[in-house]
Amino acid sequence: MTGPVLVDVLRAARNIAGTAIRTPLVPSAVDAGAEVLLKLETLQPSGAFKLRGAANALSQLDENARRRGVVCCSTGNHGRAVAYAARRLDIPATVCLSELVPDNKVKAVEALGATVCRIGASQDEAQREATRLVDERGMTDIPPFDHADVIAGQGTVGLEILEQRPDVRCIVIPLSGGGLAAGIALVAKTVDPAIRIVGISMSRGAAMAASLEAGQPVDVTEVATLADSLGGGIGLCNRYTFELCRRYIDDVIVLDEAEIYAGMRALFTVDRLVAEGASAVSHAAVLAGKLELHGPTAFVISGGNVDMQQFTRIVNGDPVEVGELTVGGRQHA
Ligand SMILES: *Cc1c(COP(=O)(O)O)cnc(C)c1O
């Protein structure tokens, strides 16, 4: 593995300037036993941090590749980011989305002018279609996490946190394919190995958590979850993120759907933030008593592209359907 290093993240910061914004790091009111700061990636123009990695990867393409266009598969936010960055650079984009991707995210990708290809019951099946388009039409695949330029782009979140609060002792990161965690951890651990890195996933289909446990990439079945942006496998032939996460993540926490539901409510009622389930996992872990903090800690609030109907139900304490589960409502009132 010749993965990304710190200098790649520094270059990424230059490459993405003007497309992704430098987001604020603001104090949280959450009672976590230590000072908590929120890195508001919900404010990115595409609604999530994924714009950083996508913008960095697209900035590296030559004239020929730009003309042939890009393709990606996505749980929603990566597709939206690729569509947004591609439109700015005048590159044709095709986004493959599985049936698990919520409609609000599908519509957002379409609205950005990308071609949407709705296919398959899982992220893996959507990826197969993306690979087919690469083979058939010479498009360039922009992977959602396991790509050096994407990881370096996500790493700029870490650069900013360390600039904004050099005294940070811990960074808590929603964990799926691990591009975000790998990029941030690469920066933080290079600067100071004592900075603690915590990754958080949902227990329903936590591919990276299961892989770290097994000591190698493993497959998990993808199912519906309130943290829909955290779904999908890490790829059995994972090139970068598995090794980086194994090297750098100190603790992994997993949460059930009721805990994520409570986290979403807390993010809104305590910190007045509209954010998706993936962004609420840090608050959820605090509430569940699974996250103990010492010293200034940054929570990465990774994205805000929540389905508004589902969100208002959760804020009201009403039950919501998550696949075959009903979460919230009377039992958690
Ligand atoms: C993609 C995503 C994540 C997880 O990022 P990985 O790099 O796949 O670990 C977390 N939160 C949101 C909102 C996302 O879109």
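Anything mentioned here points back to the structure above.
My aim in this report is to walk through the structure given alongside it, one point at a time. Just so you know, these numbers come straight off a predicted model, no measurement behind them. (Residues numbered from 1 in each chain as written. Predicted model: local features only at pLDDT ≥ 70, side-chain atom pairs only at ≥ 80, totals over all residues. Heavy atoms only, no water.)

**Looking at the site of the ligand**
Not every one of the 16 residues close to the ligand is listed here, only the nearest: Lys50, Asn77, Gly178, Leu180 and Ser302. A distance of 2.8 Å separates an oxygen atom of the ligand from a polar side-chain atom of Asn77. For the ligand, whose unbound accessible area comes to 390 Å², protein coverage reaches 98%. Among the detected pockets, the ligand sits in the largest cavity. (Near = heavy atom within 4 Å. Polar contact = N/O pair within 3.5 Å; in protein donor to acceptor, adjacent residues only side chain to side chain. Areas by Shrake-Rupley, 256 points an atom, 1.4 Å probe, with all protein chains shown as cover. 1 Å grid on protein atoms, 1.4 Å probe; cavity = no way out; pocket = protein on both sides within 12 Å on 5 of 7 lines; lining within 4 Å. Sits in = over half its atoms within 2 Å of the grid points.)

**A look at helix α13 (residues 308–316)**
Of the positions making up α13, those classed as buried are Gln310, Phe311 and Ile314. All buried residues of α13 project into a common sector of 100° when viewed along the axis, lining one side. Residues of α13 that are exposed and angled more than 90 degrees away from the buried face: Gln309 and Asn316. Two residues or fewer after α13 comes Gly317, characterised by a positive phi angle close to 80°. (Buried < 20%, exposed > 50% of the residue type's maximum accessible area, 1.4 Å probe, protein only. Helix = DSSP H or I, 4+ residues; strand = E, 2+ residues; numbered from the N terminus. Arc of directions from axis to C-beta.)

**Quick notes on a negative patch on the surface**
On the surface, Glu99, Asp124, Glu125 and Asp219 cluster together into a patch of negative charge. Relative to the elements of secondary structure, Asp219 occurs in the loop between α9 (207–214) and α10 (241–248). (Patch = residues over 30% accessible without salt bridge, like charges linked within 9 Å, V, L, I, M, F, W, Y side chains within 5 Å. Salt bridge = Lys/Arg side-chain N within 4 Å of Asp/Glu carboxyl O. Lys, Arg positive; Asp, Glu negative; His and termini not counted. Charge placed at Lys NZ, Arg CZ, Asp CG, Glu CD.)

**With respect to the packing of aromatic side chains**
Per the stated rule, a full pass over the model turns up 1 aromatic pair. Each ring, one from Phe268 and one from Phe311, has its centre 5.6 Å from the other, and the planes form 85°; the classification is edge-to-face. With Phe268 in helix α11 (residues 257–271) and Phe311 in helix α13, this residue pair connects regions lying 43 residues apart in the sequence. Accessibility expressed as a relative area gives 27% for Phe268, which makes it partly exposed. It is Arg247 that lies over the ring of Tyr248; its NZ or CZ is 5.5 Å from the centre. (Phe/Tyr/Trp six-rings, centres within 6.5 Å; stacked < 30°, edge-to-face > 60°. Lys NZ or Arg CZ within 6 Å of the ring centre and 35° of its normal.)

**Here's the deal with empty space enclosed by the protein**
What the rule picks out here adds up to 1 cavity of 30 Å³ or more. Quantified by volume, the largest cavity comes out at close to 260 Å³. As for the largest cavity, its lining consists of 27 residues, and the residues nearest its centre are Phe49, Lys50, Ser176, Gly177 and Ser229. Sorting the residues of the lining of the largest cavity by element identifies α4 (77–89) and α8 (179–191) as the ones contributing at least two each. The dominant element in the lining of the largest cavity, judged by the number of residues it contributes, is α8, at 3 residues. For the lining of the largest cavity, the per-class residue count stands at 9 nonpolar, 16 polar and 2 charged. (Points joined across faces, edges and corners; volume = space filled by probe spheres on them. Nonpolar A, V, L, I, M, F, W, Y, C, P; charged D, E, K, R; others polar.)

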